[in-house]
Amino acid sequence: MNSPVTIGAEALPELAAYLFRPGISRVFVLADANTARLCLPLLEPQLPPDYFLIEIPAGEEYKRLSVCDTVWCQLTEQQADRHAVLVNLGGGVVTDLGGFCAALYKRGIGFVQVPTTLLAQVDASVGGKTGIDFQGFKNQLGVFQEPLAVFIEPQFLETLDPRQLKSGYAEVLKHWLIADAAAFDSNRRLGWLTDDWAPIIRESIALKQRIVAQDPLEAGPRKLLNFGHTVGHALESYLLTQPGREVLHGEAVAAGLVCESWLSVQRGLLPAEDLDKIETFVFSVFDRIPFILLETEAIAEFALQDKKNEGATINCTLLKGIGQGVYDQPVTLGEIAESLRYYHRIQS
Ligand SMILES: NC(=O)c1ccc[n+]([C@@H]2O[C@H](COP(=O)([O-])OP(=O)(O)OC[C@H]3O[C@@H](n4cnc5c(N)ncnc54)[C@H](O)[C@@H]3O)[C@@H](O)[C@H]2O)c1
Ligand SMILES: O=C(O)C(=O)C[C@@H](O)[C@H](O)[C@H](O)COP(=O)(O)O
Ligand SMILES: [Zn+2]
């Protein structure tokens, strides 16, 4: 069942009411260095006075096991019991890692998500995927565990870097491509920037929750939400191994949307003019990610660890039209590399 989500100015007051309920022994807040500084001041008046802050460093490189160790150590030192609640205040790194830590601590304590990036507000905070990166592979360790509730205050986005806003927009675009052709069409005319994110957040969350409700453990239709991620995660993971060339999750997903749309055309599923519309929209928002042709095979190899795969078969989510995703489409390593070469060609 989907967790309850509150979006808007009422979100933080509702969180306060939630945390003051009887039965919660202590409130722990997990934040990264940036959200502790920039977002905690807005949240703090809503927290019980004896809350305990656990602060971790910011960035994807810290979505890793050693950081979970420090979180579990602090929970243990503070004698957190099973009735403690962890409030994850941050972007997708904090909501993924915090959810994972909460799910494992004493076999599971409750957690709530307070997402502070656009990416986490439209995607990462809902649906119950939690996890960390391992051995260079994205989200290699994780569990499905729904939060107790999600509280979304769009005001947090006011301090967010525009590059991070764009990164979140890639997941919004993904949602439209798999299931909402009308939104894709109207927004490609309007452009990506807005000063009112609330309606976009509301619609994205509703669309994601509809899909998750059908298939919470990703045995079938939830794979639609992974469109762009077979190639996107491969590119993101490869570039994480290249100091100074790291890209944001959403930036890699945006490239993945183009590559996997191209694969959809190659399969005869998507008309070429739709690929053209998708590319035009993507490149109106995102810069091209630079890599050289010699790197395409090494990037593609990361797709061998994709979680949708079955044995040696790489299963991709593709499009059979704008707004119509289709999952479990086998593709070869060679085709993935070819899609990256296509992306490289349109870069130059
Ligand atoms: N679980 C899921 O369903 C799901 C979905 C999509 C992405 N993800 C994961 O989410 C992660 C990416 O999340 P992200 O893009 O939010 O990155 P992030 O958590 O690293 O946040 C991006 C940066 O913004 C800073 N920040 C956060 N909120 C801020 C604010 N309000 N003002 C100023 N700075 C702020 C952070 O400190 C960080 O430096 C990836 O690891 C990805 O795999 C998970
Ligand atoms: O919620 C989902 O399902 C998704 O696939 C959403 C993705 O945007 C997200 O990046 C997710 O973490 C990817 O999961 P993974 O199973 O491919 O690691
Ligand atoms: Zn994603």
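Residues numbered from 1 in each chain as written. Chains lettered and ligands numbered in written order. Predicted model: local features only at pLDDT ≥ 70, side-chain atom pairs only at ≥ 80, totals over all residues. Heavy atoms only, no water.

As annotated in an unreviewed UniProt entry, the protein carries the name 3-dehydroquinate synthase and is attributed to Hymenobacter aranciens. Taken from UniProt, the Catalytic activity (unreviewed entry) comment for the protein reads in full: "7-phospho-2-dehydro-3-deoxy-D-arabino-heptonate = 3-dehydroquinate + phosphate". The heading Subcellular location (unreviewed entry) in the UniProt record of the protein holds the text "Cytoplasm". (UniProt positions renumbered as here; feature names shortened; annotations may be inferred.)

S.K.: Any details on the coordination of the zinc ion (ligand 3)? Residues and values, ideally.
M.R.: Summarising the metal site, the zinc ion (ligand 3) is bound by the protein donors Glu171 (OE), His229 (NE2) and His249 (NE2), whose distances to it range over 2.0 to 2.1 Å. When the donor residues of the zinc ion (ligand 3) are listed from N- to C-terminus, their spacing reads E-x57-H-x19-H. A residue pair is termed long-range when its members are at least 10 positions apart, and Glu171 in helix H7 (residues 162–179) and His249 in helix H11 (residues 249–266) qualify at 78 residues. Across the pair, His249 and Glu171 agree in class, each one buried. (Donors = N, O, S within 2.8 Å, 3.2 Å for Na, K, Ca; no water. Helix = DSSP H or I, 4+ residues; strand = E, 2+ residues; numbered from the N terminus. Buried < 20%, exposed > 50% of the residue type's maximum accessible area, 1.4 Å probe, protein only.)

S.K.: An account of the domain arrangement of the protein is requested, with residue identities and associated values reported.
M.R.: Interfaces are frequently sized by the accessible area removed from exposure as the parts join. Under the domain assignment used here, the protein contains domain 1 (5–159) and domain 2 (162–347). Using C-alpha coordinates to define each centre, domain 1 is positioned 26 Å away from domain 2. Taken together, the contacts link 21 residues of domain 1 with 31 residues of domain 2. In total, domain 1 and domain 2 occlude about 2,400 Å² of area from one another, counting both sides; carbon and sulfur atoms represent 67% of this. Together, Leu118, Val122 and Lys138 form the three largest contributors to the area buried by domain 1 at its contact with domain 2, with a combined 26%. Note that Glu236 and Lys138 form a salt bridge whose closest N and O atoms lie 3.0 Å from each other. (Domains from an automatic or database assignment. Contact = heavy atoms within 4.5 Å. Buried area = accessible area lost by both parts, 1.4 Å probe. Salt bridge = Lys/Arg side-chain N within 4 Å of Asp/Glu carboxyl O.)

S.K.: So what about the UniProt feature "domain: 3-dehydroquinate synthase N-terminal" (unreviewed entry) in the protein? Which residues, and what values?
M.R.: Within this structure's numbering, the places UniProt gives as "domain: 3-dehydroquinate synthase N-terminal" (unreviewed entry) are residues 54–166. A helix fraction of 34% and a strand fraction of 29% characterise residues 54–166, whose end C-alpha atoms lie 28 Å from each other.

S.K.: Explain the site of ligand 1 to me, and be specific about the residues and the numbers.
M.R.: Close to ligand 1 lie 27 residues, the nearest being Asp32, Glu60, Thr116, Thr117 and Thr159. Measuring from an oxygen atom of ligand 1, one finds a backbone N or O atom of Gly92 at 2.8 Å. Between an oxygen atom of ligand 1 and a side-chain N or O atom of Lys138, the distance comes to 2.8 Å. Against a free-state accessible area of 860 Å², the protein chains account for coverage of 91% of ligand 1. (Near = heavy atom within 4 Å. Polar contact = N/O pair within 3.5 Å; in protein donor to acceptor, adjacent residues only side chain to side chain. Areas by Shrake-Rupley, 256 points an atom, 1.4 Å probe, with all protein chains shown as cover.)

S.K.: Mind laying out the packing of aromatic side chains, listing which residues take part and the relevant values?
M.R.: Scanning the entire structure with this criterion turns up 14 aromatic pairs. Centroid distance Trp72 to Phe100: 6.2 Å. Interplanar angle 45 degrees. Geometry classified as tilted. Of the two residues, Trp72 is situated in helix H4 (residues 65–77) and Phe100 in helix H5 (residues 92–104); the sequence distance between them amounts to 28 residues. Measuring from ring centre to ring centre gives 5.8 Å for Tyr169 and Trp176, while their planes differ by 85 degrees; the resulting arrangement is edge-to-face. Just as Tyr169 is buried, Trp176 falls in that class too. Over the ring of Tyr18 we find Arg21, and its NZ or CZ is 4.0 Å from the ring centre. The ring of Phe283 has Arg288 sitting right over it, with the charged end atom 3.7 Å from the ring centre. (Phe/Tyr/Trp six-rings, centres within 6.5 Å; stacked < 30°, edge-to-face > 60°. Lys NZ or Arg CZ within 6 Å of the ring centre and 35° of its normal.)

S.K.: Go over the packing of helix H8 (residues 181–190) against helix H12 (residues 272–285), please, and point to the residues and values.
M.R.: Viewed as axis vectors pointing N to C, H8 and H12 meet at an angle of 50 degrees, and their least axial separation amounts to 10 Å. With respect to each other, H8 and H12 are oriented oblique. Here H8 runs over H12; the crossing is left-handed. Counting all contacts with H8, which are made through Phe184, Asn187 and Arg188, the residues of H12 involved are Lys277, Ile278 and Phe281. Among the residues making up the contact of H8 with H12, the classes are represented as three nonpolar, one polar and two charged. (Axes fitted to C-alpha atoms, helices over the stretch in contact; angles between N-to-C directions. Parallel < 35°, antiparallel > 145°, perpendicular 65-115°, else oblique. Left-handed = near helix turned anticlockwise from the far one by under 90°. Nonpolar A, V, L, I, M, F, W, Y, C, P; charged D, E, K, R; others polar.)

S.K.: Talk me through the pairing of strand E6 (residues 129–134); I want residue IDs and the actual numbers.
M.R.: Across five bridges, the pairing between E6 and strand E7 (residues 137–144) is antiparallel. Paired with Ile132 across the two strands is Leu141, which belongs to E7. Hairpin geometry of E6 and E7 is characterised by an intervening segment of two residues between the two adjacent antiparallel strands and by a positive phi of about 55 degrees at Gln135. (Pairing = 2+ DSSP bridges.)

S.K.: Account for the nonpolar core, naming residues and giving values.
M.R.: Side chains of a nonpolar character, in soluble globular proteins, are inclined to be buried together. Within the largest apolar cluster, 71 residues are counted, with the highest numbers of intra-cluster contacts made by Trp197, Ile201 and Leu340. There are two domains that each give this core at least three residues, and those are domain 1 (5–159) and domain 2 (162–347). Each residue touching Trp197, except ones within four places of it in the same chain, is listed here: Leu118, Leu157, Leu165, Tyr169 and Trp192. Membership of the second largest hydrophobic core comes to 23 residues, among which are Val85, Val114, Phe151 and Phe156. (Core = buried A, V, L, I, M, F, W, Y, C linked by side-chain atoms within 4.5 Å.)

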